[in-house]
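# Coordinate analysis (summary)
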Amino acid sequence: MSEAVRYHRDILRIFSPYLGNRTLEVGAGSGNISQLILTRQPEHLYAVEPSDGMCAILRERLRGNLNASVHHSLLSDFMETEKEPGVDSVVSVNVLEHVRDDIGELTMMRRALRPGGHLCLWVPALPVLYSRFDRTLGHYRRYRKQNLVQKLERVGFVPVHVAYRDVVGMLAWFVVCRILGQELSPMKVGIYDRFVMPVTSLLGRRLSPPLGKNLMAIARRPL
C-alpha cells in the first residue's frame, strides 16, 4: 500500500482533528501513516510494529526524527514496558482485523489513552466482501458498523463518529477480489489511488454513504 499516497492522506485528514501532542500508532507497518502524523509536528509519536521486516523499514524511514520512537513489539509488550503511557491519541489503520482477540486489543488501546483521549480507527468493512485475498492478508474478519460500535462500547469507549468510507472502492473490491478472485498488486493499487481515491474522497466529504469498503471510527475514552 505504499503506492496509495492519496488513500493515506485522506485517512489522516479525517483523523487530524482528534490527534493530540502524544500519539501512539499501533501496527505502524512501514511508516506510511507515521510520516504523515509527523508532518503535524507532535510532541511525540510512539510507532509500534511487531513485524521484523516492516519494523526495519519503519526505523529507516523515521531515522533522525527526534519526535518519534520505534518499538519492535506487539501492543501488549509495549504496554508492559511503558506502563500505560497516557497518550492523547491512538491511531490504528488496517490492523485490528489481523488480531484474533480484537476485544482484548481494543481494551489495551483504551488503557493506553489518557482520560478524554481519542482512538482513531480504520478497518475493512462488510463481511460480504471477505475474499481469498483477505485470508492471504491474514484478516480474521471484516466489520459491520453496528458490530464495531458494540465492540467499542463494550470495552468502555464512547463512539464519537463511526462511518463507512470508500463506496466506489467497495464495488471495485467486490468485482476484483470477491468475484474474480484476484489479488491487489502495486500497479492496481496505484491505479486505484490515482483515479478512484479522488472520487471516493469527495463523496466521503459531501455524503454519508450507507455502505463502503472501509469503516472509520473515532471514539473517546471517558473522563
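In what follows, the accompanying structure is described. (Residues numbered from 1 in each chain as written. Predicted model: local features only at pLDDT ≥ 70, side-chain atom pairs only at ≥ 80, totals over all residues. Heavy atoms only, no water.)

### Section: the layout of surface pockets
Quick reminder of the rule: Using protein atoms alone on a 1 Å grid, points that fit a 1.4 Å probe yet trap it form a cavity, whereas open point sets bounded by protein on both sides within 12 Å along at least five of seven lines form a pocket; residues with an atom within 4 Å of a point count as lining. Grid points are joined across faces, edges and corners, and a volume is the space filled by probe spheres set on the points. Secondary structure counts use DSSP, requiring at least four H or I residues in a row for a helix and at least two E residues in a row for a strand, with both numbered from the N terminus. Note on residue classes: Ala, Val, Leu, Ile, Met, Phe, Trp, Tyr, Cys and Pro are nonpolar, Asp, Glu, Lys and Arg are charged, and everything else, Gly too, is polar.
If you add up the space inside the second largest pocket, you get close to 200 Å³. As for the second largest pocket, its lining consists of 14 residues, of which His161, Ala163, Arg165, Gly204 and Met216 are closest to the centre. Residue assignment for the lining of the second largest pocket shows that the elements contributing at least two residues are helix H1 (5–15), strand S6 (158–165), helix H9 (186–206) and strand S7 (214–220). The dominant element in the lining of the second largest pocket, judged by the number of residues it contributes, is S6, at four residues. Per-class residue counts for the lining of the second largest pocket are eight nonpolar, three polar and three charged.

### Considering the sheet that holds S7
What counts is decided by this rule: Two strands qualify as a pair provided DSSP detects at least 2 bridges between them. To define axes, lines are fitted to C-alpha atoms, for helices over the stretch in contact only, and angles between the resulting N-to-C directions are given on a 0 to 180 degree scale. The contact criterion used throughout is that any non-hydrogen atoms of two residues lie within 4.5 Å.
The sheet built from seven strands is open, its strands ordered S3-S2-S1-S4-S5-S7-S6 with mixed pairing. Of all the strands in the sheet, just strand S3 (68–71) and S6 have a single pairing partner and so form its edges. The sheet shows a mean angle of 15° between the axes of neighbouring strands, direction not considered. Examined bridge by bridge, strand S5 (residues 113–124) and S7 share seven bridges and lie antiparallel to one another. Counted as the bridge partner of Leu119 is Ala219 from S7. Sitting on the sheet, helix H7 (residues 145–154) touches S5, S6 and S7, and the angle it makes with S6 is about 155°.

### Points about empty space enclosed by the protein
Scanning all chains against the criterion turns up one cavity of 30 Å³ or more. The space that makes up the largest cavity amounts to roughly 60 Å³. Lining the largest cavity are Tyr7, Asp10, Ile11, Trp122, Arg165, Asp166, Tyr192, Met197, Thr200 and Ser201. At the level of secondary structure, the elements contributing two or more residues to the lining of the largest cavity comprise H1 and H9. Sort the elements by how many residues they give to the lining of the largest cavity and H9 lands first, with four residues. Classifying every residue of the lining of the largest cavity gives five nonpolar, two polar and three charged.

### Side note on the packing of helix H4 (residues 75–82) against helix H5 (residues 102–112)
Packed helices, taken two at a time, are described by the angle their axes make and the gap between the axes. Selection rule: Angle categories: roughly parallel below 35 degrees, roughly antiparallel above 145, roughly perpendicular from 65 to 115, and oblique for all the rest. By definition, turning the near helix anticlockwise from the far helix through less than a right angle yields a left-handed crossing, and turning it clockwise yields a right-handed one.
The N-to-C vectors of H4 and H5 enclose an angle of 30°; their axes lie 10 Å apart at closest approach. As judged from the angle between their axes, H4 and H5 are roughly parallel. Considering how the two elements wind past one another, H4 and H5 form a crossing that is left-handed. Between H4 and H5, the contacting residues are Leu75, Ser76 and Met79 on the first element and Glu105, Met108, Met109, Arg111 and Ala112 on the second.

### Focus on H5
What counts here: Remark: exposure states derive from per-residue accessible area (1.4 Å probe, protein chains only) relative to the maximum for the residue type, with buried under 20%, exposed over 50%, and partly exposed in between.
Those residues of H5 lying buried are Asp102, Ile103, Glu105, Leu106, Met108, Met109 and Ala112. Those residues of H5 hidden inside the fold are in contact with strand S1 (22–26), H4, strand S4 (87–93), S5 and H7.

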